[in-house]
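One letter stands for each residue in the lines below.
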Amino acid sequence: MTTSVRVLPPVAQQADRLIELGVHRIAELSASELRSAATRFGSADGLLVLHPDRAPASGLAPLIEHGGKRGFVVVDMLDVDDFRPIDGAAPPDGIAYLVTDLDRGDHLANWSPDEALPEIQQAGRTPLTLGEGLHWLLQDPGALERGRCFMTIGSRLRRANGALDSRTPALWISNGTGRDGPGNRNAPKVGWCWAGNRHTWLGFASAAARLAGEAE
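Now for a description of the structure that goes with this document. (Residues numbered from 1 in each chain as written. Predicted model: local features only at pLDDT ≥ 70, side-chain atom pairs only at ≥ 80, totals over all residues. Heavy atoms only, no water.)

Thoughts on the packing of helix 1 (residues 11-21) against helix 3 (residues 31-39)
Two elements in contact, helix 1 and helix 3, have axes separated by 9 Å at closest approach and are oriented at 155 degrees. Comparing their axes, helix 3 and helix 1 come out roughly antiparallel. Once helix 1 is placed against helix 3, the crossing between them reads as right-handed. Each of Val11, Ala15, Asp16, Leu18 and Ile19 in helix 1 lies in contact with helix 3, whose residues at this interface are Ala31, Leu34, Arg35 and Ala38. Considered class by class, the residues forming the contact of helix 1 with helix 3 number seven nonpolar, no polar and two charged. (Axes fitted to C-alpha atoms, helices over the stretch in contact; angles between N-to-C directions. Helix = DSSP H or I, 4+ residues; strand = E, 2+ residues; numbered from the N terminus. Parallel < 35°, antiparallel > 145°, perpendicular 65-115°, else oblique. Left-handed = near helix turned anticlockwise from the far one by under 90°. Contact = heavy atoms within 4.5 Å. Nonpolar A, V, L, I, M, F, W, Y, C, P; charged D, E, K, R; others polar.)

Quick look at the structure:
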């Protein structure tokens with residue numbers, strides 16, 4: 001299934017990258033605390049992700065970058081931090097965890113979220129959450145390409161009545177039209193699509209597993 005896999009740096013380097021960007025301050029951690037959390041994964045390979053309770057999407061979005069433009073959240077998704085992991089995509093407890101065997105899901109382009117989720121799950125994989133997708137782009141901005149962007153359907157908003165909101169989060173590159181504004185042309189964008197709609201330029205990012213670090 002891994003049609004669009006990219007190689008990530010070692011976990012210790014990823015921790016340094018997060019510190020360089022100031023993510024540890026968003027998470028109210030010292031640099032040493034973040035580095036210590038990273039050491040608990042030893043030599044394991046994967047994407048280092050801070051728990052969403054510590055690093056909300058609204059704080060991470062302005063740190064991603066494409067072509068010299070900073071990321072932003074669309075104006076009709078100001079409740080972005082209320083989107084939480086779905087069943088089967090919950091993060092392990094702790095400061096940080098690893099997401100293994102990332103796949104951008106290009107082969108699922110032009111599928112709807114409603115169609116793609118069972119396909120991902122039947123393959124024994126798990127959809128990326130929005131926070132995980134943002135962490136991926138912090139480490140590897142090139143994972144987002146025009147015409148080859150991705151959805152993060154591991155995050156959904158549940159309404160007070162228990163029903164899922166129909167919006168599904170996605171990460172793509174703005175054309176600078178409409179409410180995005182011309183100043184955001186070519187900027188990386190946190191947006192959304194309806195759960196039943198298809199888009200030829202959006203794949204569905206997934207992973208093999210989420211791993212907790214070794215206990216202290």
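Don't stop here, the text continues.
Thoughts on the sheet that holds strand 11 (residues 188-194)
Here we have five strands laid out as an open sheet, ordered 4-11-10-8-12, and mixed in their pairing. With one partner strand each, in any of the chains shown, strand 4 (72-73) and strand 12 (202-204) form the two edges of the open sheet. Looking at chain direction, strand 8 (residues 149-151) and strand 12 are connected through three bridges and run parallel. Counted as the bridge partner of methionine 151 is phenylalanine 204 from strand 12. Against the sheet, helix 5 (residues 113-122) engages strand 8, strand 10 (167-173), strand 11 and strand 12, with an angle of about 30 degrees to strand 12. With respect to the sheet, helix 6 (residues 130-139) is in contact with strand 8, strand 10 and strand 11, its orientation differing from that of strand 10 by roughly 10 degrees. (Pairing = 2+ DSSP bridges.)

Points about the pattern of salt bridges
Taken as a whole and assessed by the stated rule, the structure comprises 14 salt bridges. The closest approach of N and O atoms between lysine 189 and aspartate 180, which form a salt bridge, is 2.7 Å. Aspartate 180 shares its class with lysine 189; the two are buried. (Salt bridge = Lys/Arg side-chain N within 4 Å of Asp/Glu carboxyl O. Buried < 20%, exposed > 50% of the residue type's maximum accessible area, 1.4 Å probe, protein only.)

Looking at the environment of cysteine 149
Tracing the backbone through its elements, the reader meets cysteine 149 in strand 8. According to the relative accessible area criterion, cysteine 149 is buried, its value standing at 2%. For the pair cysteine 149 and phenylalanine 204, spaced 55 residues apart in sequence, the C-alpha to C-alpha distance is 8.5 Å. Excluding residues within four positions of it along the chain, cysteine 149 makes contact with Leu144, Leu171, Trp172, Ile173, Trp201, Leu202 and Gly203.

Regarding helix 3
For helix 3, the complete set of buried residues consists of Leu34, Ala37 and Ala38. End-on view of helix 3: buried residues confined to an arc of 100 degrees, all on one side of the axis. Residues of helix 3 that are exposed and angled more than 90 degrees away from the buried face: Ser32 and Thr39. Residues of helix 3 that are buried make contact with helix 1, helix 2 (23-26), strand 1 (47-50) and strand 6 (96-100). (Arc of directions from axis to C-beta.)

Describing the packing of aromatic side chains
The full count for this structure, using the stated rule, is three aromatic pairs. Between tryptophan 136 and phenylalanine 150 the ring centres are 5.4 Å apart and the planes differ by 35 degrees, which places this aromatic pair in the tilted class. Residue tryptophan 136 is found in helix 6, and its partner phenylalanine 150 is found in strand 8; the two are separated by 14 residues along the sequence. Taking the relative accessible area as the measure of exposure, phenylalanine 150 reaches 0% and is therefore buried. On the numbers, 4.5 Å between centres and 70 degrees between planes, the contact of tryptophan 192 with tryptophan 194 is edge-to-face. (Phe/Tyr/Trp six-rings, centres within 6.5 Å; stacked < 30°, edge-to-face > 60°.)

A short note on the pairing of strand 10
In terms of residue burial, strand 10 counts as a mostly covered element, since seven of its seven residues are buried. Side chains Arg167, Pro169, Leu171 and Ile173 project from strand 10 onto one buried face, and the interleaved Thr168, Ala170 and Trp172 project onto a second face that is buried too. Looking at chain direction, strand 8 and strand 10 are connected through two bridges and run antiparallel. Residue pairing across strands places phenylalanine 150 opposite leucine 171, the latter belonging to strand 10. Note: strand 10 against strand 11, seven bridges, orientation antiparallel. Bridge pairing in strand 11 places isoleucine 173 opposite proline 188.

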